[in-house]
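# Survey of secondary and tertiary structure
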Amino acid sequence: MKKKVLIFDDDADILEVCTILLEDNGFETYTQNNCEHVLQKLDHVLPDVILMDNKIPPSGGVRASKTIRASSQHGKLPIVFFSANQDVARLALEAGADDYIEKPFDLDKLIGMVRKSCLPDLHKTE
């Protein structure tokens, strides 16, 4: 069964690139251009990992990630924060994300990060 990745980003080009890249590497992808009703979106998709942009309307990636973390049903889902913001590491920490990647990102690094998030037992030494 393919692992599901839910991508939150308001940039259509980023959504398209991530979708193509992840699907070519065996993932099932779902995209959202906003984080409104984030928990309902998670209920619908039931992802294995979330890619969360920082500047995602209407409330932003930090607040959306905190909402996810506070959820008893979805709070343990791996979140990879991604942003062009130079403070992406601090923002990811504030959001409670498991990992982060800066935009523009290296495609291989993004795939590796998503794999690591979906299959943490296989990457304990990384």
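This section reports on the structure supplied with the text. Along each chain, residue indices are assigned from 1 in the same order as the chain's sequence is written. Given that the model is predicted, a residue must reach a pLDDT of at least 70 before its local features are reported, and side-chain atom pairs must reach 80 or more before they are shown or counted; all residues, however, enter totals for whole chains, interfaces and linings. Values reported for side chains reflect all heavy atoms of the structure, with hydrogen atoms and water molecules removed beforehand.

With that out of the way, let us pick up the nonpolar core. What is meant by a nonpolar core is a set of buried Ala, Val, Leu, Ile, Met, Phe, Trp, Tyr and Cys residues, joined one to another through side-chain atoms within 4.5 Å. A 1.4 Å probe rolled over the protein chains alone gives each residue an accessible area, and that area as a share of the maximum for its type sets the label: buried under 20%, exposed over 50%, partly exposed in between. Core analysis: the largest hydrophobic core is formed by 20 residues, its most contacted members being Phe 8, Leu 42, Ile 50, Met 52, Ile 68, Ile 79 and Phe 81. The helix and strand labels rest on DSSP assignments: H or I over at least four residues marks a helix, E over at least two residues marks a strand, and numbering proceeds from the N terminus. Only strand E1 (4-8), helix H2 (38-45), strand E3 (49-53), helix H3 (61-69), strand E4 (79-83) and helix H4 (88-95) provide two or more residues apiece to this core. Per element, the largest residue contribution to this core is four residues, and it comes from H4. Setting aside residues up to four positions removed in sequence, Phe 8 forms contacts with Gln 32, Asn 34, Cys 35, Val 38, Lys 41, Ile 50, Leu 51, Met 52, Asp 53, Ile 56 and Phe 82. Leu 15, Leu 22, Val 80 and Leu 110 belong to the second largest nonpolar core, which has 19 residues in total. Contacts are assigned to residue pairs with any non-hydrogen atoms lying within 4.5 Å of each other.

Turning next to the side chain of Asp 99. Residue placement: Asp 99 occurs in strand E5 (residues 99-102). Leave out the neighbours within four places in its chain, and Asp 99 touches Ile 79, Val 80, Phe 81, Ala 92, Met 113 and Lys 116.

Helix packing geometry: the angle between the two helix axes and the distance between the axes. Relative orientation of the contacting elements H3 and H4 amounts to 30 degrees, with a least axis distance of 8 Å. Considering their axes alone, H3 and H4 lie roughly parallel with respect to each other. Seen from H3, the contacting residues are Gly 61, Val 62, Ser 65, Lys 66 and Arg 69; seen from H4, they are Leu 91, Glu 94 and Ala 95. Residue type decides the class: Asp, Glu, Lys and Arg count as charged, Ala, Val, Leu, Ile, Met, Phe, Trp, Tyr, Cys and Pro as nonpolar, and the leftover types, Gly among them, as polar. Considered class by class, the residues forming the contact of H3 with H4 number three nonpolar, two polar and three charged. Axis definition: a line fitted to C-alpha atoms, limited for helices to the stretch in contact. Angles are taken between N-to-C directions and run from 0 to 180 degrees. By definition in this entry, angles of less than 35 degrees are roughly parallel, angles greater than 145 are roughly antiparallel, angles of 65 to 115 are roughly perpendicular, and the rest are oblique.

What follows deals with helix H5 (residues 107-118). Multiplying one less than the number of residues by 1.5 Å gives the expected span of a helix. When the terminal C-alpha atoms of H5 are compared, their 17 Å separation across twelve residues agrees well with the 16 Å that a helix rising 1.5 Å per residue should span. When we look at burial in H5, the residues that qualify are Leu 110, Ile 111, Met 113, Val 114, Ser 117 and Cys 118. Viewed along the axis of H5, the buried residues span an arc of 165 degrees, placing them on a single side of the element. In this structure, the buried side of H5 is in contact with E1, helix H1 (12-24), E3, E4 and E5. In the analysis that follows, any N or O atom pair within 3.5 Å is treated as a polar contact, provided that within protein one partner can donate a hydrogen and the other can accept it, and provided that, for residues neighboring in sequence, both atoms belong to side chains. By the N-cap criterion, in which a side-chain oxygen at the helix start approaches the backbone nitrogen of a residue two or three places on, H5 is capped by Asp 106, the distance to Asp 108 being 3.1 Å. The arc refers to the directions leading from the helix axis to the C-beta atoms.

Put simply, two rings from Phe, Tyr or Trp (the six-membered ring, in Trp's case) pair if the centres are within 6.5 Å, and we call them stacked under 30 degrees between planes, edge-to-face over 60, tilted for the rest. Going through the model one piece at a time under the given rule, you end up with one aromatic pair. Aromatic side chains Phe 82 and Phe 105 sit 6.1 Å apart centroid to centroid with 50 degrees between the ring planes, which places their arrangement in the tilted category. Residue Phe 82 is located in strand E4, and its partner Phe 105 is located in the loop between E5 and H5; the two are separated by 23 residues in the primary sequence. Here Phe 82 falls in the buried class, since its relative accessible area comes to 0%. The buried category is assigned to Phe 105, whose relative accessible area is 14%. Here, a charge over a ring means that NZ of Lys or CZ of Arg falls within 6 Å of the ring centre while also lying within 35 degrees of the ring normal. The aromatic ring of Phe 82 is capped on one face by Lys 103, whose charged end is 4.6 Å from the ring centroid.

Note on definitions: salt bridges are taken to be side-chain nitrogens of Lys or Arg within 4 Å of carboxyl oxygens of Asp or Glu. Per the counting criterion, the structure on display carries five salt bridges. Here Lys 103 makes a salt bridge to Asp 9, at a shortest N to O gap of 2.5 Å. Of this pair, Lys 103 sits in the loop between E5 and H5 while Asp 9 is found in the loop between E1 and H1, placing the two residues 94 residues apart along the sequence. Residue class for Asp 9 comes out buried when judged on its relative accessible area of 0%. A salt bridge links Lys 103 to Asp 53; its shortest N-O distance comes to 3.0 Å. Here the residue Lys 103 occupies a position in the loop between E5 and H5, and Asp 53 occupies one in strand E3, the gap between them amounting to 50 residues. Each of Asp 9, Asp 53 and Lys 103 takes part in one network of salt bridges that share partners.

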